[in-house]
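Listed here are the chains, written in short residue letters.
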Amino acid sequence: MGLDLQNLKHVAIIMDGNGRWAGLRSHSRVWGHIRGSDIVSSIVEEADEFGLKALTLYAFSTENWSRPLTEVKVLFKLLKKFLNRERERILKNKIKFKVIGDVSELPLKTKQLIKDLERDTRNMEGLELTFCFGYGARKEIIDGVNQFIKQNPGKEITENDLNDHLYIPKMRDVDLLIRTGGDQRISNFLLWQAAYAELYFTPTKWPEFTRLEFREILEDFGNRERRFGQVRASQSLMESIEQAQKNKSQLRN
Ligand code: IPE
Ligand code: IPE
Ligand code: MG
């Protein structure tokens, strides 16, 4: 049985392959990043038109800090350019914009642009668009646990508690995780939120990823059967957890 596309709410994308795309064309890696950042808005637009609730994009990982500083600086500049270029469109389309990750090393002006856009869109009810920048999932989990311990000394942490202490508290689970560029790994992205995500790896390098391919991938989700541990198709992880609890209590009685 296929899935109703209405169950597809949160899509996360690892936008990978910029450097190789440029290399294949005898250009510098930086050129690949410039072309790659140009296509982000078309993918956001498609997500919005498709009716997704949330789109989370991996733009710069904690590990990407180990790249040559010239490349890192270009990625910073491209984020600033994106913010300036897309601000009006984001507001017009009622997109709720967030950046998660450690942005403390970004130039002051860029940090201010992020703050302003987050503040101006925080009550928006459209697409939840999250940029992961200076982001690593292990750090997110550790930061969340440490924050919890500080606020609740001596208390044991639960799943709900951790959900409340992630960078975006209660972020909805990822339904579909897409990686472009051909590699089949998660690279420290949303390890908690993507625990039960469907995975889709495409060989297409990010700069040549199109709205059309994106839509095809979203539609392909309709062919997946999610089971969340059960023996048959299941609508949600919550349904599965409730069933498990029922089974356990029946076993005890
Ligand atoms: C993704 O493209 C962008 C970032 C990680 C910032 P890459 O720069 O990783 O491109 P490849 O994987 O080397 O081709
Ligand atoms: C993952 O891509 C991070 C982003 C796309 C921002 P990488 O290119 O950094 O991943 P690895 O190093 O190949 O795993
Ligand atoms: Mg890469």
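The preceding data block contains the structure.
Note that the structure is predicted; figures quoted are calculated from it, not measured. (Residues numbered from 1 in each chain as written. Chains lettered and ligands numbered in written order. Predicted model: local features only at pLDDT ≥ 70, side-chain atom pairs only at ≥ 80, totals over all residues. Heavy atoms only, no water.)

## Notes on the overall build of the protein
Phase 1 of the analysis: On a plain count of helices and strands, the protein comes out with eight helices and six strands.
Phase 2 of the analysis: Going residue by residue from the N terminus, the α and β elements of the protein occur as β-α-α-β-α-β-α-β-α-α-β-β-α-α.
Phase 3 of the analysis: Relative to the globule expectation of 18 Å for 253 residues, the C-alpha radius of gyration of the protein, 19 Å, shows essentially globular dimensions.
Phase 4 of the analysis: When its C-alpha atoms are laid out on the principal axes, the protein stretches across 65 × 45 × 35 Å.
Phase 5 of the analysis: Expressed as a percentage of the 253 residues in the protein, the buried residues total 44%.
Phase 6 of the analysis: Considering only contacts within the protein whose residues lie at least 6 apart along the sequence, 74% involve residues at least 24 apart.
Phase 7 of the analysis: Counting every atom, the protein has about 13,900 Å² of accessible surface; 51% of that belongs to carbon and sulfur. (Helix = DSSP H or I, 4+ residues; strand = E, 2+ residues; numbered from the N terminus. Rg over C-alpha atoms; globule rule 2.2 N^0.38 Å. Buried < 20%, exposed > 50% of the residue type's maximum accessible area, 1.4 Å probe, protein only. Contact = heavy atoms within 4.5 Å. Areas by Shrake-Rupley, 256 points an atom, 1.4 Å probe, with all protein chains shown as cover.)

## Here we look at the packing of helix H2 (residues 29-50) against helix H7 (residues 211-220)
Phase 1 of the analysis: Their axes nearest at 9 Å, the elements H2 and H7 cross at an angle of 40°. When the axis of H2 is compared with that of H7, the two are oblique. Between H2 and H7 the crossing geometry is right-handed. For the pair formed by H2 and H7, the contact residues are Ser42, Ile43, Glu45, Glu46, Ala47, Glu49 and Phe50 on the first element and Arg211, Phe214, Arg215, Leu218 and Glu219 on the second.
Phase 2 of the analysis: Tallied by class, the residues present in the contact of H2 with H7 amount to five nonpolar, one polar and six charged. (Axes fitted to C-alpha atoms, helices over the stretch in contact; angles between N-to-C directions. Parallel < 35°, antiparallel > 145°, perpendicular 65-115°, else oblique. Left-handed = near helix turned anticlockwise from the far one by under 90°. Nonpolar A, V, L, I, M, F, W, Y, C, P; charged D, E, K, R; others polar.)

## Thoughts on the packing of aromatic side chains
Phase 1 of the analysis: Summed over the entire model, instances satisfying the criterion amount to 14 aromatic pairs.
Phase 2 of the analysis: Each ring, one from phenylalanine 60 and one from phenylalanine 133, has its centre 5.1 Å from the other, and the planes form 20°; the classification is stacked. Here phenylalanine 60 is found in strand E2 (residues 54-61), whereas its partner phenylalanine 133 is found in strand E4 (residues 128-135), with 73 residues between them in sequence. The pair phenylalanine 60 / phenylalanine 133 is uniform in exposure class, with both members buried.
Phase 3 of the analysis: Residues phenylalanine 209 and phenylalanine 214 carry aromatic rings whose centres are separated by 6.1 Å and whose planes lie at 55° to one another, so their mutual orientation is tilted.
Phase 4 of the analysis: The class of phenylalanine 214 is buried, set by a relative accessible area of 0%.
Phase 5 of the analysis: Ring-pair connections join several aromatic residues into one group, and the members of that group are Tyr58, Tyr135, Tyr167 and Phe189. (Phe/Tyr/Trp six-rings, centres within 6.5 Å; stacked < 30°, edge-to-face > 60°.)

## Here we look at helix H3 (residues 69-92)
Phase 1 of the analysis: Its 24 residues give H3 an end-to-end C-alpha distance of 35 Å, which sits within 8% of 34 Å, the value for a rise of 1.5 Å per residue.
Phase 2 of the analysis: A bend of about 50° at glutamate 86 is the largest found in H3.
Phase 3 of the analysis: Among the residues of H3, Glu71, Val72, Val74, Leu75, Phe76, Leu78, Leu79, Phe82, Leu83, Glu86 and Ile90 are the ones counted as buried.
Phase 4 of the analysis: Once H3 ends, the next one or two residues include lysine 94, with phi positive near 55°. (Expected span 1.5 Å × (residues − 1). Bend = angle between axes of the 7 residues up to and from the residue.)

## Notes on the site of ligand 2
Phase 1 of the analysis: As a matter of local geometry, ligand 2 sits amid Ile14, Met15, Asp16, Tyr58, Ala59, Phe60, Asn64, Arg67, Arg179, Arg185 and Ser187.
Phase 2 of the analysis: Interatomic distance of 2.8 Å between a side-chain N/O atom of asparagine 64 and an oxygen atom of ligand 2.
Phase 3 of the analysis: Between arginine 67 and ligand 2, the recorded distance is 3.2 Å, taken from a side-chain N or O atom to an oxygen atom.
Phase 4 of the analysis: Considering ligand 2 on its own, with 390 Å² of exposed area, one finds that the protein chains cover 79% of that surface.
Phase 5 of the analysis: Per element, the largest residue contribution to the shell around ligand 2 is three residues, and it comes from E2.
Phase 6 of the analysis: Among the residues forming the shell around ligand 2, the class breakdown is five nonpolar, two polar and four charged. (Near = heavy atom within 4 Å. Polar contact = N/O pair within 3.5 Å; in protein donor to acceptor, adjacent residues only side chain to side chain.)

## So, the nonpolar core
Phase 1 of the analysis: Counting residues in each nonpolar core, the largest one holds 40 residues, and the members touching the most others are Val11, Ile13, Leu55 and Phe214.
Phase 2 of the analysis: Setting aside anything within four residues of it in sequence, one finds leucine 55 in contact with His10, Val11, Ile13, Ile43, Val44, Ala47, Leu127, Glu128, Leu129, Thr130 and Phe214.
Phase 3 of the analysis: Core analysis: the next-biggest nonpolar cluster, separate from the first, contains 15 residues, Tyr58, Ile100, Ala137 and Phe189 among them. (Core = buried A, V, L, I, M, F, W, Y, C linked by side-chain atoms within 4.5 Å.)

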